[in-house]
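Descriptive analysis of the structure
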Amino acid sequence: MAGNSFGKVFKITTFGESHGDGVGVVIDGCPPRISLSLEDFVRDMSRRRPGGRSFDTPRREEDGVQILSGVFEGLTTGTPITLFIQNRDADSRPYEILRRLFRPGHADYSYYKRYGHFDFRGGGRASARETAARVAAGVVAGKILEPLEAKVVAYTLELGGIKAASINLDLIDNSPVYCPDAIASEQMEEAILKAVKENDSLGGIVELRVTGCPAGLGEPVFDKLEADLAKAVMSVGAVKGVEIGAGFEAARLRGSQNNDPITPDGFASNRAGGILGGISNGDEIVMRAAVKPIPSIGIEQDTVDREGRPARLKLTGRHDVVAVPRIVPVLEAMIRIVLADHYLRLKAMG
Ligand SMILES: Cc1cc2nc3c(=O)[nH]c(=O)nc-3n(C[C@H](O)[C@H](O)[C@H](O)COP(=O)(O)O)c2cc1C
């Protein structure tokens, strides 16, 4: 299985499966003399892990990070950093059915066609458990970015068809679904409870903003900043679409409407989403990610077994009802990882 690494200068390689010993990440390219302690990981890791909300998987993981290499006396040494997160609460019994049957909407069918043999327990490598390693790597990326004073923030813009009507960033952490609109947050929670009762699942849209990112990050052709950001976000399970700035709406505008006029004080609007020609323009970077509904549902569905014979599958086991709140810190981490990579490239090459 190739393709487990991401980034050019700040390069991460994640490993591990949902029901194996644990998941983790090896980070190559982190500069020396950056302070890093276990406490640095606590906030982001606890925002990602299932939090006991009615819509989270009942799986309980502490998600404590172990630093296995690359840090000495509280400072990075410039050698590979290995971060490991042990799996402590994996229950593989309900997944035995997946030895035979493929879950509609999940990765089982395509993994079987690709590899013939794979760890299906709890989604294996396709499980959101892998995203714990990304969040841990994102913490290190955030440390590298500190001199830039750029702020990365993500929130739930839409969930189950309910949209945030206003954006107050101060409300995000008070909302169980990380929604910046208190009224919409309550409506989203109600929609989730309804989906739980109906054994179904929901999707949504996450918006990401980077403020304080200076102009000049990114490369002009294959490694355009938006190309790397889109890949980073699309590489997270359940993400099915990415928009930057005006995104798909730009296709419906005229040039006179879509161009951001440039004034001596900066851009008069931001339909570009903070990136022009693959390089940050100093304006706020704005992205949106479309997140599909959780595939594992308690409603009986058509599927086939490994021999292609028709079957019906109704899932038990421990699942999220919606990926959106838990994906918010994961996407923030992926953005930091891309920015750290491009920041180090800029420092190395000018
Ligand atoms: C934070 C997060 C939590 C998720 N939780 C679950 C879950 O509990 N059950 C499930 O079937 N899928 C879950 N998913 C979605 C699957 O990981 C994803 O749909 C699957 O890997 C197939 O990949 P694809 O949807 O990108 O095609 C979750 C995804 C994320 C990002």
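Look a little higher up for the structure.
Below you will find a few notes about this structure.

Now for the packing of aromatic side chains. Under the defined criterion, the tally for this structure stands at 5 aromatic pairs. Measuring from ring centre to ring centre gives 5.5 Å for F102 and Y112, while their planes differ by 45°; the resulting arrangement is tilted. Taken together, the residues F102 in the loop between β7 (81-86) and α2 (108-115) and Y112 in helix α2 connect sequence positions 10 residues apart. Overall, the relative accessible area of 24% leaves Y112 in the partly exposed class. In this structure an aromatic cluster arises from ring pairing among F102, Y109 and Y112. One cation-aromatic arrangement involves R47 over Y178; the distance from NZ or CZ to the ring centre is 4.6 Å.

To continue, consider the site of the ligand. Inspection of the region around the ligand gives 16 residues, with A126, A238, K292, S296 and D320 positioned closest. Measuring from an oxygen atom of the ligand, one finds a side-chain N or O atom of K292 at 2.7 Å. Within the side chain of S296, a nitrogen or oxygen atom sits 2.5 Å from an oxygen atom of the ligand. Relative to its unbound accessible surface of 630 Å², the ligand loses 88% to contact with the protein. For the shell around the ligand, the per-class residue count stands at 8 nonpolar, 4 polar and 4 charged.

This part is about the layout of surface pockets. Considered as a void within the structure, the second largest pocket measures approximately 450 Å³ in volume. Along its surface, the second largest pocket is lined by 20 residues, and R43, K151, V152, E332 and R336 are the ones closest to its centre. Put simply, the parts of the chain that give the lining of the second largest pocket at least two residues each are α1 (39-48), α3 (130-145), β8 (151-159) and α7 (324-349). If one sorts the elements of the lining of the second largest pocket by residue count, α3 sits on top with 5 residues. Across the lining of the second largest pocket, the residue classes break down as 7 nonpolar, 2 polar and 11 charged.

Time to look at the sheet that holds strand β4 (residues 65-69). Two modes of strand pairing occur in sheets, parallel and antiparallel, and in both the strands are linked by backbone hydrogen bonds. The strand order across the open sheet built from 5 strands is β1-β2-β3-β7-β4, with neighbouring strands paired in antiparallel fashion. Here the strands that pair on one side only, and so sit at the sheet edges, are β1 (5-6) and β4. Across 6 bridges, the pairing between strand β3 (residues 22-28) and β7 is antiparallel. Along β7, the bridge assignment pairs V25 with L83. Against the sheet, α3 makes contact with β2 (11-16), β3, β4 and β7, and its axis sits at roughly 35° relative to β3, the strand it touches most.

Look at α3 against α7: their axes get within 7 Å of each other, and the N-to-C directions meet at 45°. Taken as axis vectors, α3 and α7 run oblique relative to one another. The element α3 and its partner α7 pack so that their crossing is left-handed. Taken together, the residues of α7 that come into contact with α3 (itself represented by T131, R134, V135, A137, G138, A141, G142, I144 and L145) are P329, V330, A333, M334, R336, I337, L339, A340, Y343 and L344. Grouping the constituent residues of the contact of α3 with α7 by class yields 14 nonpolar, 3 polar and 2 charged.

Bringing the nonpolar core into the picture now. Residues F10 and I27 are the most contacted members of the largest nonpolar core, which totals 81 residues. Broken down by element, the residue count for this core peaks at 14 residues, all from α7. Other than its neighbours up to four places away in sequence, F10 contacts I27, D28, C30, A137, V140, A141, I144, I337, A340, D341 and L344.

Conventions adopted
- Residues numbered from 1 in each chain as written.
- Predicted model: local features only at pLDDT ≥ 70, side-chain atom pairs only at ≥ 80, totals over all residues.
- Heavy atoms only, no water.
- Phe/Tyr/Trp six-rings, centres within 6.5 Å; stacked < 30°, edge-to-face > 60°.
- Helix = DSSP H or I, 4+ residues; strand = E, 2+ residues; numbered from the N terminus.
- Buried < 20%, exposed > 50% of the residue type's maximum accessible area, 1.4 Å probe, protein only.
- Lys NZ or Arg CZ within 6 Å of the ring centre and 35° of its normal.
- Near = heavy atom within 4 Å.
- Polar contact = N/O pair within 3.5 Å; in protein donor to acceptor, adjacent residues only side chain to side chain.
- Areas by Shrake-Rupley, 256 points an atom, 1.4 Å probe, with all protein chains shown as cover.
- Nonpolar A, V, L, I, M, F, W, Y, C, P; charged D, E, K, R; others polar.
- 1 Å grid on protein atoms, 1.4 Å probe; cavity = no way out; pocket = protein on both sides within 12 Å on 5 of 7 lines; lining within 4 Å.
- Points joined across faces, edges and corners; volume = space filled by probe spheres on them.
- Pairing = 2+ DSSP bridges.
- Contact = heavy atoms within 4.5 Å.
- Axes fitted to C-alpha atoms, helices over the stretch in contact; angles between N-to-C directions.
- Parallel < 35°, antiparallel > 145°, perpendicular 65-115°, else oblique.
- Left-handed = near helix turned anticlockwise from the far one by under 90°.
- Core = buried A, V, L, I, M, F, W, Y, C linked by side-chain atoms within 4.5 Å.

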